[in-house]
Amino acid sequence: MAETTTDRDFIRFPTLIGDIGGTNARFSLVSDGDGPTRRFANAQTADFATIDDAIAATVLPEARPRSAVLAVAGPVQGDRVPLTNCSWVVEPRRMIERLGLDEVILLNDFEAQALSLPGLGPDDLVSIGGGESVPNAAQVAVGPGTGLGAAALIHARGTWFPVPGEGGHIDLAPVSERDFQIWPHIDEPFGSGPYRRIAGETLLCGAGLVRLYKAVVAADGARSRFDDPAEVTAAAMDGSDGHAEEALSLFCVHLGRLAGNLALAFMARGGVFLAGGIAARIAPFLAQSGFRDAFIDKAPHQALMDKMPTSVVIHPEPALAGLTAYARHPETFGVATEGRHWRR
Ligand SMILES: Nc1ncnc2c1ncn2[C@@H]1O[C@H](COP(=O)(O)OP(=O)(O)OP(=O)(O)O)[C@@H](O)[C@H]1O
């Protein structure tokens, strides 16, 4: 069984930190409390049978970490952790033996994004709309990528506490007349039964944008032209395809509604931060879309929402930045490691 770290608040250096995505695993090494980190070449998850093989090939030839702090998509439960968007299964006990580590800590990928928020500066963010961040108030990170991730960061007793969750799977609902035309055409991948429950991640991720685009096309009885999310965003942003433009506009509106739901749930007066691979790529479009209006449209709480700032994270690797901050100074974050910390 995994152990707890409640008895101590440091992680042994050098620490391997890793952000394990659906396509890429990004690794770097933290050697001490404030020196530079060392970044290794990305490993493509499809190129290695296991995460241990990927670390052995990309990290071990150059460094001998004593500990590992890894962020993975999905909930961390038990001693075998299957990853949501690739075929790897993380087995910390085996990893400790095979890679010669003393300890392994697994975090959720958006928990890592949340850990980066206190360290982000103005150059790492693009604001969308008004509002002002209230110091030490709750913050939310939410972001479409291969899936839809979400986590909160709560400040209490002088410490930032990340709150991981599966907020990408909360419901979306049709609101406008156009939504009601489009909804019946959305292909629902999670098996919603007869009532067509559409989850956030159904529409708000790369595959979800294509799903939304196809539903828009089908609602108009037209033929679809694109199967790749990057094609949809390109055609939307250069204005060459009306359906792609409408799909990306609706994507922004639904993202605004869902981000607003999370902001309400956590009273995110510290701000809502759009992370993940897609938001930064569509930042100019997001800024002039209906995102912010949809975020605020929470009667009777519009005035409250209007004060909460929203921004796109344009830092290139916020999850690694969050893991680095935590690996260096775990005592400054209230990360609950029970059941997620394995030692030799
Ligand atoms: N220009 C783009 N417009 C819209 N979607 C895009 C664009 N480029 C990539 N995507 C989509 O973004 C998703 C990848 O997002 P992200 O970079 O956050 O990945 P991840 O989940 O962190 O993991 P990894 O980077 O390993 O894939 C994929 O679904 C991809 O198709």
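Residues numbered from 1 in each chain as written. Predicted model: local features only at pLDDT ≥ 70, side-chain atom pairs only at ≥ 80, totals over all residues. Heavy atoms only, no water.

- The protein chain carries the name Glucokinase in an unreviewed UniProt entry, which gives Kaistia soli DSM 19436 as its organism.
- The UniProt entry for the protein chain carries the following text under Sequence similarities (unreviewed entry): "Belongs to the bacterial glucokinase family." (UniProt positions renumbered as here; feature names shortened; annotations may be inferred.)

**Considering helix H3 (residues 109-116)**
Phase 1 of the analysis: Of all the eight residues making up H3, eight are buried; the element is thus mostly covered by neighbouring parts of the structure.
Phase 2 of the analysis: Along H3, the positions that sit buried rather than exposed are Asp109, Phe110, Glu111, Ala112, Gln113, Ala114, Leu115 and Ser116. (Buried < 20%, exposed > 50% of the residue type's maximum accessible area, 1.4 Å probe, protein only. Helix = DSSP H or I, 4+ residues; strand = E, 2+ residues; numbered from the N terminus.)

**Section: the side chain of aspartate 19**
Phase 1 of the analysis: With respect to the element layout, aspartate 19 can be found in strand E1 (residues 15-20).
Phase 2 of the analysis: By relative accessible area, which is 12% here, aspartate 19 ends up buried.

**Overview of the packing of helix H6 (residues 206-219) against helix H7 (residues 229-237)**
Phase 1 of the analysis: The N-to-C vectors of H6 and H7 enclose an angle of 60 degrees; their axes lie 8 Å apart at closest approach. Relative to H7, the element H6 is oriented oblique. Remark: the crossing between H6 and H7 carries left-handed chirality. In this structure, H6 uses Gly206, Leu209, Val210 and Tyr213 to contact H7, whose residues at the interface are Pro229, Val232 and Thr233. (Axes fitted to C-alpha atoms, helices over the stretch in contact; angles between N-to-C directions. Parallel < 35°, antiparallel > 145°, perpendicular 65-115°, else oblique. Left-handed = near helix turned anticlockwise from the far one by under 90°. Contact = heavy atoms within 4.5 Å.)

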